[in-house]
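For reference, the chains in residue letters:
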Amino acid sequence: MRLPHRTVQTPVFMPVGTLGTVKAVPQDVLETLGAEIILGNTYHLYLRPGHEAVRRMGGLHKFISWPRAMLTDSGGFQVFSLSQLRKVSDEGVRFRSHLDGSSHFFTPEHSMDVQIALGADIAMAFDECTEYPADRNRAEESLRLTMAWARRSLDHFRAHRDEVVWRDNLGVPQVPGTWGPGNESPTQSLFGIVQGGTYRDLRRESAERLVEMDFDGYAIGGLAVGEGQAAMFAVLDYTAPALPAGRPRYLMGVGTPDDLLGAVARGVDMFDCVMPTRAGRTARAYTSRGVFNIRNARFAADPRPLDPGCACPLCTRHARAYLHHLFRCEEMLGPMLLTWHNIQYYQDFMRGLRDAILQGRLAAHGAAVRARWAEGDDPP
Ligand SMILES: [Zn+2]
C-alpha cells in the first residue's frame, strides 16, 4: 500500500496505539521492531486530548512523533462498546463518555471531521458493529444503518479530504518520504466496513454496495466478537471474494497468530489487535513454540532467551529467568520488554507470511509454523 507516510508491505499487522501510544512501547522502539503502520482510536483521542488539540499540534503523526503510516478507526466500535446511555438514531449516536459522563453526539460527518483533524493515512467509515449473536431482523436493521452511514461518511470525506492537517494550502504534502511516480494517494484514504453478522447474503450485499460506492479499501467488521474461529473463517470464505483484488482488505480486531494465518490464506491484507500488547502486560509470551505464561515456575532458573531466533531487545540480551523475576516483582520493565518481544514476534510472523506468499509456499509454511507451535517448548 502506497500511503502518504509509508509504503506498507502487506499482509500487515498494525499494533494498536489507542491513546496515541502503543502501550509500553516508545515510538523509536516501535520503529526498531519493524512496525510500518499503527492504529489510533478516534473515540479515545476525541475525548482526550480532543481532536482540535491534536489538529493544533499538527496532527496525530506530529503530536506523537510517528513518521510512518497510521490508521484511525471511526470511533463507532468504542461508542457502542464503552460509552454509557447510548441513543442510536438514523442521524447518529448520542452517548455519555465513559470517563466523566459528559454527553456527546457522533454522526458519520462528525467522525470524518475528527479523523481529518487527526490526519491518519487511512480513515474508517462510521459504522455500527453488529453484536454476536444477532438475529436476522437485528442484523438487517444494523446493516441498513451501516450502509446509510457509509454513504454519508464517503460523501463528507470526499468533500473535505484536502483539509488534512499535513497538506499545505497548495495541496502539496508536507511529509517527507515516499512521494513519487505511482504514488496516487496524496492525501488520506477512506475504507468502508462490511457488516451483516454471520448471514451470507447480508455480507455479500454489504460488500457489493460498498464496492459500488468505490472506497479506497474495505474492512470486514463485526468479527472476533464471540462467534469463534470457524464461524469467522466461514464469513471470510464468502466475503473476501466479493471484494476487489486490487484494494486492501482489513479484518478488524483480529487476532491470534493462528487467526492471522487462516485469514491471510483467505485473502486478508491487514489486521489490528490489542492481543500482543495486552498479552505483554499480562505475562503471556507469543513465540515460535507457542504461547508461554512467563510467570510459570519452570522459567525461574531458565537461562535461555525467550525465543532463540528472535532479534528483539529482550531475546538478544536477557534470560527467561530474568523476565520471570521482573514479573514476579511487578517491575514495570517486565511488561515493557515482553510487549516489545510480542510485537517483534507478530512483525516477524507477518514477514514470514509475505515471504512465503512471494515464494508460492504459503500452505506449506503455515503447516510448518503450526507444527512448531504444537511441538511446544524444548525442555530446559
Ligand atoms: Zn524476542
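What you see is a predicted model; the values in this text were computed from it and never measured.

## With respect to the sheet that holds strand E8 (residues 103-106)
Taken in spatial order, the 3 strands of this open sheet run E6-E7-E8, and their pairing is antiparallel. Among the strands making up the open sheet, the edge pair consists of strand E6 (84-88) and E8. Strand-to-strand twist in this sheet, taken as the mean axis angle between neighbours without regard to direction, amounts to 15 degrees. In this structure, E6 lies alongside strand E7 (residues 93-96), joined through 3 bridges in antiparallel fashion. Bridge assignment links Gln 84 to a residue of E7, and that residue is Arg 96.

## Here we look at the environment of Trp 149
Looking at where Trp 149 falls in the secondary structure, it is placed in helix H7 (residues 136-160). A relative accessible area of 0% means that Trp 149 is categorised as buried. Distance from Trp 149 to Gly 309, taken between C-alpha atoms, is 46 Å for residues 160 residues apart in sequence. Ignoring any residue separated from it by four or fewer positions in sequence, one finds Trp 149 in contact with Phe 80, Val 88, Ser 89, Asp 90, Glu 91, Gly 92, Val 93, Pro 108, Phe 126, Asp 127 and Glu 128.

## A closer look at the side chain of Arg 203
Along the chain, Arg 203 falls in helix H8 (residues 200-213). With no salt bridge to any partner, buried Arg 203 finds its closest opposite charge in Glu 227, at an N-O distance of 7.3 Å. At a separation of 2.7 Å, a polar atom in the side chain of Arg 203 contacts the main-chain carbonyl oxygen of Gly 197.

## Things to note about the nonpolar core
By size, the foremost hydrophobic cluster in this structure holds 49 residues, and its most contacted members are Phe 215, Leu 251, Phe 271 and Phe 349. Among all residues touching Phe 215, those that are not within four sequence positions of it are Ala 125, Ala 150, Leu 154, Leu 190, Phe 191, Gly 192, Leu 210 and Arg 247. Core analysis: the second largest hydrophobic core is formed by 44 residues, Leu 47, Trp 149, Leu 306 and Cys 310 among them.

## Some thoughts on the coordination of the zinc ion
Only Cys 310 (SG), Cys 312 (SG), Cys 315 (SG) and His 341 (ND1) from the protein coordinate the zinc ion, and they sit 2.1 to 2.3 Å from it. Bound by 4 donor atoms, the zinc ion shows angles of 101 to 117 degrees at the metal and therefore tetrahedral coordination geometry. Each donor residue of the zinc ion lies on one chain, and together they are spaced C-x1-C-x2-C-x25-H. Cys 310 sits in the buried class, given a relative accessible area of 9%. Of the residues examined, Cys 312 reaches a relative accessible area of 0% and is grouped as buried.

Criteria and thresholds
- Residues numbered from 1 in each chain as written.
- Predicted model: local features only at pLDDT ≥ 70, side-chain atom pairs only at ≥ 80, totals over all residues.
- Heavy atoms only, no water.
- Pairing = 2+ DSSP bridges.
- Helix = DSSP H or I, 4+ residues; strand = E, 2+ residues; numbered from the N terminus.
- Axes fitted to C-alpha atoms, helices over the stretch in contact; angles between N-to-C directions.
- Buried < 20%, exposed > 50% of the residue type's maximum accessible area, 1.4 Å probe, protein only.
- Contact = heavy atoms within 4.5 Å.
- Lys, Arg positive; Asp, Glu negative; His and termini not counted.
- Salt bridge = Lys/Arg side-chain N within 4 Å of Asp/Glu carboxyl O.
- Polar contact = N/O pair within 3.5 Å; in protein donor to acceptor, adjacent residues only side chain to side chain.
- Core = buried A, V, L, I, M, F, W, Y, C linked by side-chain atoms within 4.5 Å.
- Donors = N, O, S within 2.8 Å, 3.2 Å for Na, K, Ca; no water.
- Tetrahedral: all angles 85-135°; square planar, octahedral: opposite > 155°, others 65-115°.

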